[in-house]
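A structural walkthrough
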Amino acid sequence: MADLTRLTISDALQKMQSGEISALDLCQAHLQQIDRHDSAIRAFIKVTPEIALEQARAADNARANGDERPLLGIPIALKDVLSTQGIETTCGSRILQGYVPLFDATAVARLKEAGAVLLGKLNMDEFAMGSSTENSGYFPTRNPWNSEHVPGGSSGGSAAAVAANMVMASLGSDTGGSIRQPASFCGISALKPSYGRVSRYGLIAYGSSFDQTGPFARSVEDVARVMAVIAGHDPLDSTSMPAPVPDYLTEMQGELRGLKIGLPAEYFAEGLQPEVERAVRAAADQLQSLGAEVREVSLAHAEYCLPAYYIIAMAEASANLARFDGVRFGARVEGSDLIDSYKKTRGAGFGEEAKRRIMLGTYTLSAGYYDAYYGKAQAVRTLIRRDFDALFAQVDALLAPVAPTTAFRFGEVMDDPLRMILADVLTISANLAGLCGLSLPCGFDEAGLPIGLQLLGAPFDEARMLRIGCAYQEATDWHLRKPALT
Ligand code: GLN
C-alpha cells in the first residue's frame, strides 16, 4: 500500500470512499509516524491515540452507512490554544497545567461534526507569544527540515506536525503572524482568515482584536477543505461575521486572467534575505505568466505597524491574562493568603515573555500613559486600515514574503526580544487591518530551508486568495517537496 502519510485530504477522501483504504488505516499510519518521529521533532504536547482510534472506527462505520461528511476520517491535530472538552489544554503554559475545559472551541466542534479524527494537541509559544516556539513552557519544537532550526511560531507544533506528515491538517492561531510564519518556515500551506470569519469561541485569548484560528495543510486545496468546515458565524462569538461563507472549493477553481496583484515596495525593503526576495519575485513572475497583472504599490504607514501592533497586543494580553490566578484554571501555588497565592501562582506559572508583556501592557494602559501609547496606537491602526482600503480599491491581492528570512537557528534570535519582534514585520499589518492572508511555499534557500510567500486579501476575500494559491500550486511543485526525516 502507498505511504498513507503522504496523501492529501482530497486523495484520502477519494480512497476511503472507494474502499481502497479505511479511516482506521489512515489513523494508524499517522499515529505510527508520530511514534517514529515526534520524539525528535516534539510537535505534540499531548497525543490522543485512544480518542483517535475510536473516532476512526466510528468514521468507518458511518461511511459504511452512507455518511459523506467533508472531513470524515481525516487525521488532524490542534494547537493547544484551542479548548478541547475533556482534554487538557495548556496554551503552552505551565500556569494552565491540569486545566481540562468543559467545552470545545467552536472551530473544534465543527471539525468533529465534520468527522475529523483528533490525534492530539500541539506545541506553541506560551499564550501564542513568540515567533519560534522557543517560548513554550514545556519544550521547543524542531523544524522537520533541519532540527537545528526553529519551526517558527507561535503555532510551531501545528506547522511541524503537518510538515512531518504526522497529521493531514491542523489548526493554529494567528495574532500577528503565528499561522503564516511557521507555515513558511516549515514549507506548508496555511491560511489566516479575516478577523470575524472563524469563531474565536474557546480560543484562549491573547490579543482579542487580532486573534484568528486557521488551518494548516499539505496543499492550498486541503486548506480550503478545512476552512470550509470551520468558517462562518457563531452566536457564541459576537465578533464573528453574520455573513454567508462562500463555497471555497468551487470558488477556488478558475483562472487568474485579469486579477491585479500588488507588490508593496515596503515589503521588499532592506534586510530581506536575498534568496527570499528572489523566490518571491519569481513567484510574482509565475503568477503573471498565469494571467495576473502584477504591479508595485506602496503602503504609506508600513513603518508604524510594528509599534502599533505590539502596544495594542500587549495591552490586550495584560487584560486577557489577568484571569489566570490559580483559582479557576489550571495550576495553583498556595500562599499565606489569597493575594499571596495569586502572586505565587502567577510568578511560578508564567514564563518570562508572558510576564514581560503583562507588565508592558499594563504600563501602556495605565492612567497618564494611556493616551500617549494605547490611544495613539489605535489611531495609527485606523490609518493602516485606510491604507489597505485604498490599496484594495486598486488591486485584488498583495504579494509579499511571509518573513524576511528562512527559519533561524535555536537561540539565534531568542536572546534578543527586539529582534524576535522585528521578525514579524511582514505579517502583523494583516492583523491590524483584519485582512486574510494565505501562506504557501515558493522555494528553498541554499541551506535547503523552505521559503514562503503570502497573499494578502481584503477582509472576507479568502476565496480569491485560495484561487490564486491553488493556481500557483497547479503550476509549481514546491508544496510537494518533503523533508527527509531521519
Ligand atoms: N510573534 C507575534 C507575537 O509574539 C505574533 C504571535 C501570534 O501571532 N500569536 O505577538
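Everything below is about the structure printed above this text.
Residues numbered from 1 in each chain as written. Predicted model: local features only at pLDDT ≥ 70, side-chain atom pairs only at ≥ 80, totals over all residues. Heavy atoms only, no water.

1. Topic: the sheet that holds strand E5 (residues 189–192)
Here is the rule we go by: Two strands are said to pair when DSSP picks up at least two bridges between them. Strands here are runs of E lasting at least two residues and helices are runs of H or I lasting at least four, both read from the DSSP assignment and numbered beginning at the N terminus. Here an axis means a line fitted to C-alpha atoms, over the contact stretch when the element is a helix, while the angle between two N-to-C directions is reported on a 0 to 180 degree scale. Residue contacts are counted whenever heavy atoms from the two residues lie within 4.5 Å of one another.
Spatially, eleven strands are ordered E1-E3-E2-E4-E6-E5-E10-E11-E9-E7-E8 in an open sheet, and the strand pairing comes out mixed. Strand pairing shows two members of the sheet lacking a second neighbour, strand E1 (44–47) and strand E8 (293–297), which therefore form its edges. Pairs of neighbouring strands in the sheet enclose a mean axial angle of 25°, with direction left out of account. Strand contacts of helix H4 (residues 106–113): strand E2 (75–79), strand E4 (169–174) and strand E6 (212–217), with the helix running at about 175° to E2, the strand carrying the most contacts.

2. Thoughts on the packing of aromatic side chains
To be explicit about the condition: Only Phe, Tyr and Trp rings are paired, with Trp represented by its six-membered ring, and only when their centres lie within 6.5 Å; those with planes under 30 degrees apart are stacked, over 60 edge-to-face, the remainder tilted. Partly exposed describes any residue whose relative accessible area lies between the buried limit of under 20% and the exposed limit of over 50%, with all areas from a 1.4 Å probe on protein chains only and scaled to the type maximum. We call a charge positioned over a ring when the NZ of a Lys or the CZ of an Arg lies within 6 Å of the ring centre and within 35 degrees of the ring normal.
Inspection of every chain in the model, using the stated rule, returns 15 aromatic pairs. Their ring planes at 90° and their centres at 4.8 Å tell us that tyrosine 309 and tyrosine 310 sit as a pair that is edge-to-face. By the burial criterion, tyrosine 309 is buried, and tyrosine 310 matches it. Judged by centre distance (6.3 Å) and plane angle (20°), the ring pair of phenylalanine 388 and phenylalanine 392 falls under stacked. Placement of the pair is phenylalanine 388 and phenylalanine 392 together in helix H13 (residues 371–394), with a separation of four residues, close to one helical turn. With a relative accessible area of 16%, phenylalanine 392 lands in the buried category. Sitting above the plane of the phenylalanine 410 ring, arginine 142 keeps its charged end 4.6 Å from the centroid. The aromatic ring of phenylalanine 268 is capped on one face by arginine 281, whose charged end is 4.4 Å from the ring centroid.

3. Examining helix H12 (residues 352–365)
Here is the rule we go by: Each residue after the first adds 1.5 Å to the expected span of a helix. The directions from the helix axis to the C-beta atoms form the arc being described.
An ideal rise of 1.5 Å per residue puts 20 Å on 14 residues; H12 measures up with 20 Å between its terminal C-alpha atoms. Taken residue by residue, H12 has Glu353, Ala354, Arg357, Ile358, Gly361 and Thr364 as its buried positions. The buried residues of H12 occupy an angular sector of 140° when the element is viewed end-on, so they sit on one face. The exposed set on the far side of H12, more than 90 degrees from its buried face, consists of Glu352 and Met359. Tucked inside the fold, the buried residues of H12 contact helix H10 (305–320), helix H11 (338–349) and H13.

4. Section: the nonpolar core
Basically, it comes down to this: Residues enter a nonpolar core if they are buried and are Ala, Val, Leu, Ile, Met, Phe, Trp, Tyr or Cys, with the set joined through side-chain atoms within 4.5 Å.
Of all hydrophobic cores here, the largest spans 149 residues; its most connected members are Ile74, Leu111 and Phe127. Setting aside its immediate chain neighbours within four residues, isoleucine 74 contacts Ile9, Ala12, Leu13, Met16, Leu26, Gly115, Ala116, Val117 and Met168.

5. Some words on empty space enclosed by the protein
Basically, it comes down to this: Cavity: a set of points on a 1 Å grid over the protein atoms alone where a 1.4 Å probe fits but cannot get out. Pocket: an open set with protein on both sides within 12 Å along at least five of seven lines, its lining residues, like those of a cavity, having an atom within 4 Å of a point. Grid points are joined across faces, edges and corners, and a volume is the space filled by probe spheres set on the points. Each residue receives one of three labels: charged for Asp, Glu, Lys and Arg, nonpolar for Ala, Val, Leu, Ile, Met, Phe, Trp, Tyr, Cys and Pro, and polar for the others, Gly being one of them.
Per the counting criterion, the structure on display carries three cavities of 30 Å³ or more. Estimated volume of the largest cavity: approximately 90 Å³. Residues that form the lining of the largest cavity fall into these classes: five nonpolar, nine polar and two charged. If you trace the second largest cavity, you find it lined by Trp145, Val162, Ala163, Cys186, Gly187, Ile188, Arg218, His479, Arg481, Lys482 and Pro483.

6. Some details on the pattern of salt bridges
Two side chains bearing opposite charge may form a pair once their charged atoms approach each other closely. For clarity, the cut-off: What counts as a salt bridge is simple: a side-chain nitrogen of Lys or Arg found within 4 Å of a carboxyl oxygen of Asp or Glu.
Counting across every chain of the model gives 22 salt bridges. Its salt-bridge partner being arginine 419, residue glutamate 412 comes within 4.0 Å of it at the nearest N-O pair. A salt bridge links aspartate 461 to arginine 464, with the nearest nitrogen and oxygen atoms 2.8 Å apart. For aspartate 461, a relative accessible area of 16% gives the class buried. Look at arginine 464 and you get partly exposed, because its relative accessible area is 26%. One network of salt bridges, in which partners are shared, links Glu353, Arg356 and Arg357.

7. Things to note about the environment of glycine 434
Residue position: glycine 434 is located in the loop between helix H15 (428–433) and strand E10 (436–444). The exposure class assigned to glycine 434 is buried, which follows from its relative accessible area of 11%. As a C-alpha pair, glycine 434 and alanine 471 span 37 residues in sequence and 24 Å in three-dimensional space. Aside from chain neighbours lying at most four places away, what touches glycine 434 is Ser194, Tyr195 and Pro459.

8. Digging into the packing of H10 against H13
Quick reminder of the rule: When describing relative orientation, an angle under 35 degrees is termed roughly parallel and one over 145 degrees roughly antiparallel, while 65 to 115 degrees is termed roughly perpendicular and anything else oblique. If you view the pair so one helix is near and one far, a crossing is left-handed when the near helix is turned anticlockwise from the far one by less than a right angle, and right-handed when it is turned clockwise.
Where H10 contacts H13, the axes come no closer than 9 Å and their chain directions differ by 125°. With respect to their mutual orientation, H10 and H13 come out oblique. Regarding H10 and H13, the two cross each other, and that crossing is left-handed. Counting all contacts with H10, which are made through Cys305, Ala308, Ile311, Ile312 and Ala315, the residues of H13 involved are Tyr373, Tyr374, Ala377, Gln378, Val380, Arg381 and Ile384. A breakdown of the residues in the contact of H10 with H13 according to their chemical character gives ten nonpolar, one polar and one charged.

9. Focus on the site of the ligand
To be explicit about the condition: The near set for a molecule or strand comprises every residue that places at least one heavy atom within 4 Å of it. Any pair of N or O atoms that falls within 3.5 Å is considered a polar contact. Within protein, one atom must be able to donate a hydrogen and the other to accept it, and sequence-neighbouring residues count only if both atoms are side-chain atoms. Every accessible area reported is derived by Shrake-Rupley at a probe size of 1.4 Å, with residue values counting cover from the shown protein chains alone. Assignment of a molecule to a cavity or pocket requires that more than half of its atoms lie within 2 Å of the corresponding grid points.
Looking at the ligand, there are 15 residues lining it, with Gly176, Ser178, Tyr206, Tyr309 and Asp424 nearest. In this structure, a nitrogen atom belonging to the ligand sits 2.8 Å away from a side-chain N or O atom of serine 131. When the ligand is considered free in solution it has 290 Å² of accessible area, and contact with the protein chains removes 99% of it. Under a 2 Å grid-point criterion requiring more than half of the atoms, the pocket assigned to the ligand is the largest cavity. The residue inventory of the shell around the ligand, partitioned by class, reads five nonpolar, seven polar and three charged.

10. Describing the packing of H4 against helix H7 (residues 220–230)
Interhelical geometry of H4 versus H7 gives an angle of 110° and a closest axis separation of 8 Å. One way to sum up the angle between H4 and H7 is to call them roughly perpendicular. On the side of H4, the interface is formed by Ala107, Arg110 and Leu111, while H7 contributes Val226, Val229 and Ile230. Residue classes in the contact of H4 with H7 are distributed as five nonpolar, no polar and one charged.

Functional significance is not addressed by these values, which are geometric in nature.
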